[in-house]
Amino acid sequence: MLSVIVGRTGPFAGQSVVLGDAPLTFGRKSDNDVIIVSVSASRLHAEILTEDGAFVLYDRGSKNGTYVNEHLVTRHPLTPGDVIRIGDETFLFETQEAVETVMDLSQFALPQAEPVAPDALRVTVTGGGPVGLAFALLMERAMPGRVSLTVYDGRWIRDGASVVWKDESHGNVRRQQVVTVQSRQYLALTDEMTTALFGDGQFSEMWPLGPDSVDGRPPRNVRIAHIEDRLLELANSKSAIRLVPKRFDPTEDGHLIAHDHVLAICEGGRSRTREHFADRFGAADATIYSLEGEHLQDVILGLRVKSRLSDPMSVLLTVAQNRFLLNSLRGEGFLNMRLTREEARNVIGIDPVRQVFEECIAARPCVMSRQDDNEFVCPTHGTLFLPALLRSSPLWKRIQEGLRLFGVAEDDLSAITSFRLDMVQRPRFTAQLTRPTGDRPGTYGFLLGDAANAIHFWPGRGLNSGLASAVSLARTLSRVWLGKPLRDADFIRHEAAMSMLQYRHKSRAWNAMVRTDDRGVTQAIKDIIGRSVESTAPSDAGLTGVPGSEGGDDLEILLDRMRAIRERLAARMPGLPDDAELRAHLSELAPATLRTLQESGAWDTLIVGGEEADIDIFYQQDAPVFVPATRPPDQVPDPRTSVLANPA
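- As annotated in an unreviewed UniProt entry, the protein chain is FHA domain-containing protein from Streptomyces werraensis.

So, the overall build of the protein chain
In step 1: A tally of regular secondary structure across the protein chain gives 19 helices and 36 strands.
In step 2: Burial analysis of the protein chain (648 residues in total) assigns 54% to the buried set.
In step 3: Within the protein chain, residue pairs in contact and separated by at least 24 positions form 69% of the contacts whose partners lie at least 6 positions apart.
In step 4: Summed over all atoms, the accessible surface of the protein chain reaches about 28,600 Å², with 51% contributed by carbon and sulfur.

Structural notes on helix H13 (residues 462–480)
One turn of an α-helix holds 3.6 residues; hence residues three or four places apart share an orientation.
In step 1: The first and last C-alpha atoms of H13 sit 27 Å apart over 19 residues, in line with the 27 Å expected at 1.5 Å per residue.
In step 2: Along H13, 15 of the 19 residues are buried, which leaves the element largely enclosed by surrounding structure.

Details of the sheet that holds strand E31 (residues 430–434)
In step 1: Read from one edge of the open sheet, six strands run E18-E13-E12-E19-E32-E31, paired in mixed fashion. With partners counted over all chains shown, the strands left at the sheet margins are strand E18 (241–244) and E31, one partner each. Neighbour-to-neighbour, the strand axes of the sheet open up by a mean angle of 20 degrees, direction not taken into account.
In step 2: Summarising the sheet, E31 and strand E32 (residues 443–447) pair through four bridges and their orientation is antiparallel. Note on E32: the bridge partner recorded for Gln-432 is Tyr-444.

A few points about the nonpolar core
In step 1: Ranked by size, the top nonpolar core spans 71 residues in total, and within it Leu-121, Phe-135, Met-139, Leu-243 and Leu-477 carry the most contacts.
In step 2: Ignoring anything within four residues of it in the chain, the contact list for Met-139 reads Leu-121, Val-147, Leu-149, Ala-474 and Leu-477.
In step 3: The next biggest cluster of nonpolar side chains, apart from the first, holds 57 residues, and it includes Phe-324, Phe-419, Leu-586 and Leu-597.

Quick notes on empty space enclosed by the protein
In step 1: Summed over the entire model, instances satisfying the criterion amount to two cavities of 30 Å³ or more.
In step 2: The calculated volume of the second largest cavity comes to roughly 70 Å³.
In step 3: Surrounding the second largest cavity, Pro-130, Val-181, Tyr-186, Leu-189, Leu-197, Phe-198, Val-222, Ile-227, Leu-231, Leu-463 and Leu-467 form its lining.
In step 4: When contributions to the lining of the second largest cavity are tallied by element, the ones reaching two or more residues are helix H5 (224–236) and H13.

Some thoughts on the packing of aromatic side chains
The relation between two aromatic rings is expressed through the spacing of the ring centres and the mutual angle of the planes.
In step 1: With the rule as written, the count across this model stands at 13 aromatic pairs.
In step 2: Relative to Phe-491, the ring of Tyr-444 lies with its centre 5.2 Å away and its plane at 50 degrees, an arrangement referred to as tilted. Remark: Phe-491 occurs in the loop between H13 and helix H14 (492–510) and Tyr-444 occurs in strand E32; sequence separation between them is 47 residues.
In step 3: Residue Tyr-444 is classed as buried on the basis of its relative accessible area of 2%.

Topic: the sheet that holds strand E3 (residues 24–27)
In step 1: If you walk across this open sheet you meet the five strands as E4-E3-E5-E6-E9, and the pairing is mixed. The sheet is open, and its two borders are formed by strand E4 (34–35) and strand E9 (75–77), each paired with just one other strand.
In step 2: Alignment of E3 against E4, held across two bridges, turns out to be parallel. Across the sheet, Phe-26 pairs through a bridge with Val-34, a residue of E4.

Observations regarding the environment of Asp-253
In step 1: Within the element layout of this structure, Asp-253 appears in the loop between E18 and strand E19 (262–265).
In step 2: Spatially, the C-alpha atoms of Asp-253 and Val-18 are 9.5 Å apart, while their sequence positions differ by 235 residues.
In step 3: Those residues in contact with Asp-253, other than ones at most four positions away along the chain, are Lys-246, Arg-247 and Phe-248.

Comments concerning unusual backbone geometry
The phi angle of most residues is negative, glycine excepted, and most peptide bonds adopt the trans form.
In step 1: The residue Asn-69 is not glycine, and still its phi comes out positive at about 55 degrees.
In step 2: Turning to its location among the elements, Asn-69 is positioned in the loop between strand E7 (66–68) and strand E8 (71–73).
In step 3: Looking at Asn-69, the relative accessible area reads 37%, which means it is partly exposed.
In step 4: Of note, Glu-292 is a non-glycine position whose phi angle comes to about 50 degrees, a positive value.

What about the packing of helix H2 (residues 130–142) against H5?
In step 1: Orientation of H2 relative to H5, taken along the N-to-C sense of each, is 30 degrees, at an axis distance of 9 Å. In terms of their interaxial angle, H2 and H5 are classed as roughly parallel. For the crossing formed where H2 meets H5, the hand is left-handed. For the pair H2 and H5, contact is made by Pro-130, Leu-133, Ala-134 and Leu-137 and by Ile-224, Ile-227, Glu-228, Leu-231, Leu-232, Leu-234 and Ala-235, respectively.

Considerations on the environment of Trp-156
In step 1: Turning to its location among the elements, Trp-156 is positioned in strand E14 (residues 156–159).
In step 2: Taking the C-alpha atoms as reference, Trp-156 lies 7.1 Å from Lys-246; in sequence the two are 90 residues apart.
In step 3: With sequence-adjacent residues up to four places away left out, Trp-156 is seen in contact with Gln-15, Gly-128, Leu-133, Val-151, Val-163, Val-164, Trp-165, Lys-166, Leu-232, Leu-243, Val-244 and Pro-245.

Description of the side chain of Ser-369
In step 1: Within the fold, Ser-369 resides in strand E27 (residues 368–370).
In step 2: Ser-369 sits in the buried class, given a relative accessible area of 12%.
In step 3: Those residues in contact with Ser-369 that sit more than four places away from it in its chain are Glu-168, Arg-304, Glu-375, Phe-376, Val-377, Ser-414 and Ala-415.

Section: H5
In step 1: With 13 residues, H5 extends 18 Å from end C-alpha to end C-alpha; this agrees with the ideal 18 Å at 1.5 Å per step.
In step 2: Buried within H5 are the following residues: Ile-224, Ala-225, His-226, Ile-227, Glu-228, Leu-231, Leu-232, Leu-234 and Ala-235.

Describing the packing of helix H15 (residues 525–534) against helix H18 (residues 591–600)
Helix packing for two helices is described by the angle between their axes and how far apart those axes are.
In step 1: Orientation of H15 relative to H18, taken along the N-to-C sense of each, is 150 degrees, at an axis distance of 9 Å. Taken as axis vectors, H15 and H18 run roughly antiparallel relative to one another. Remark: the crossing between H15 and H18 carries right-handed chirality. Where H15 abuts H18, its residues Ile-525, Ile-528, Ile-529, Ser-532 and Val-533 lie against Arg-595, Thr-596, Glu-599 and Ser-600.
In step 2: Residue classes in the contact of H15 with H18 are distributed as four nonpolar, three polar and two charged.

So, the pattern of salt bridges
Charged atoms that come close allow side chains of opposite charge to pair.
In step 1: Under the defined criterion, the tally for this structure stands at 33 salt bridges.
In step 2: Linking Asp-229 and Arg-174 is a salt bridge whose minimum nitrogen-to-oxygen distance equals 3.1 Å. Note that Asp-229 is positioned in helix H5 and Arg-174 in the loop between strand E15 (162–165) and strand E16 (178–181), a separation of 55 residues in sequence.
In step 3: Take Arg-174: its relative accessible area is 17%, and that puts it in the buried class.
In step 4: One salt bridge in this structure joins Glu-294 and Arg-341, with 2.8 Å as the shortest N-O distance. Remark: Arg-341 occurs in helix H9 (residues 341–345) and Glu-294 occurs in strand E21 (residues 294–295); sequence separation between them is 47 residues.
In step 5: What emerges from the salt-bridge pattern is a single network uniting Arg-174, Arg-175, Glu-228 and Asp-229.

Details of the pairing of E18
In step 1: Burial of the side chains of E18 extends over both faces: Ile-241 and Leu-243 are buried on one face and Arg-242 and Val-244 on the other.
In step 2: When strand E13 (residues 147–152) meets E18, the two strands line up parallel, connected through four bridges. Counted as the bridge partner of Tyr-152 is Val-244 from E18.

Analysis parameters
Residues numbered from 1 in each chain as written. Predicted model: local features only at pLDDT ≥ 70, side-chain atom pairs only at ≥ 80, totals over all residues. Heavy atoms only, no water. Helix = DSSP H or I, 4+ residues; strand = E, 2+ residues; numbered from the N terminus. Buried < 20%, exposed > 50% of the residue type's maximum accessible area, 1.4 Å probe, protein only. Contact = heavy atoms within 4.5 Å. Areas by Shrake-Rupley, 256 points an atom, 1.4 Å probe, with all protein chains shown as cover. Expected span 1.5 Å × (residues − 1). Pairing = 2+ DSSP bridges. Axes fitted to C-alpha atoms, helices over the stretch in contact; angles between N-to-C directions. Core = buried A, V, L, I, M, F, W, Y, C linked by side-chain atoms within 4.5 Å. 1 Å grid on protein atoms, 1.4 Å probe; cavity = no way out; pocket = protein on both sides within 12 Å on 5 of 7 lines; lining within 4 Å. Points joined across faces, edges and corners; volume = space filled by probe spheres on them. Phe/Tyr/Trp six-rings, centres within 6.5 Å; stacked < 30°, edge-to-face > 60°. Parallel < 35°, antiparallel > 145°, perpendicular 65-115°, else oblique. Left-handed = near helix turned anticlockwise from the far one by under 90°. Nonpolar A, V, L, I, M, F, W, Y, C, P; charged D, E, K, R; others polar. Salt bridge = Lys/Arg side-chain N within 4 Å of Asp/Glu carboxyl O.

If you want it as structure tokens, here you go:
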């Protein structure tokens, strides 16, 4: 009989967790299984362990104590009916059978077996972000009445009959970053999905037409949170899609997929489910994205801002250098700052109570929002962004220069976060997880989105690659499903499409991390920036004074570079600034900043441009799929002279 923890009061109310052999942790830190938002809770507040077949609750040295039935405890063997209180939130320990007698289990996150058609394709999706939800909706549309989907995500919460995204009060900071979706990808979605995503005022067409554009339609900028909200609303309306507001645990929930045909892993670059099945998907190779034996990693500071510049000016300033990237929706979005090695070490928070440093912003990462006192505070850990406290610190001065470059007033910087990204080469994206038996169909696993191909976002292709992978798998499954066990041969096209996406988009992304000089020497762009920054050390004096003649050469080089870029873009992007406007704007920057922008180099659009990864070539009706010719037995020729027919 299963035992469960059920939320009674607080943000976790209406949710439940099935207890198993793994510990269940409670606390304020985001890596706990149950996040307690209350300020009365400690980072790791309490934990439930299994001992001799029973469940035991332990207080882990919390400041305000752990209570069971309103009695303070340090260790307590749990019995059905016990009420646990941590901070301001309460939880019930009960058996699943007892819960079923008092409340409809549809209110909880307990996996439920729903009756499905005998020949329906049964699919579990781990991760309900844009890629996981898009895949589920594409499958529902492609196979009406022939598919049953279950989607897990721990960032959701049940709200009445629907599942919605948790917000900051539940310990979940929504992703407000703006992403650029290419028309090649959004035109492959259903009409219902595109209508929901691209309503009036919900997107902008900041970037001009490019090699990825289809039917003369430019890429569209849209917030990730908006994509997540709209796709989750659609998924709530589909009877074939069951939404489970719980993080999928491959150890505890693995038995649930034993009777499924498909496990789609869409949890992102740090997928625990992918690592659980690492022996099936094979070891990733980091050497191809290494220099001199070092696996390269970029650390990016994400600044949530409101820019006052026009889109054409923002585009020109962005592609002319490699230090800053503005991705925005009508000026509001994230100004991304590529950090040097030294700067990355300074991206830390400080706990003002305990006076200790925390790496929450760099390691999780967390989003630190600006408060009334102008400090940037992590709502989950209560830490402050240290460089902003030290207003004279070199990193904070360089942040201010980035704001000045894109016309952002310091008051319009509202939050700070960070992104860490490195890339690896994956040997395969499809794997048979279990083989067919008398009572099991055999389960195939698939890596989609960042779980398959985490890509440097500087070229803006991460979500596009993820959507393409979802489209490819949905097309494959809808074509090959005949109510019989799946085979490796069914996924040749999909595996080829995934390999093509990996090669094209990671090649593009690699060129956003490195630069090769005229002598053929390849260097990390972050190191080129680092040497430029060090040349202004030790005082960074160039950031504090009025720009002078010492920055003149760098200014002229930047202007020449922008003229060339403007000439290429002019036919596709009206309203680009003239020389006088550019000179006046750049002259406001300090000489040290001009030097760094100039030496960082422009986007290498010639290398990252070119032929695109188009998965449609694998799914055309007249694709060259060869099968043996079918003839009556008495007309079958000698095998040595047999030919293959190519059906139209």
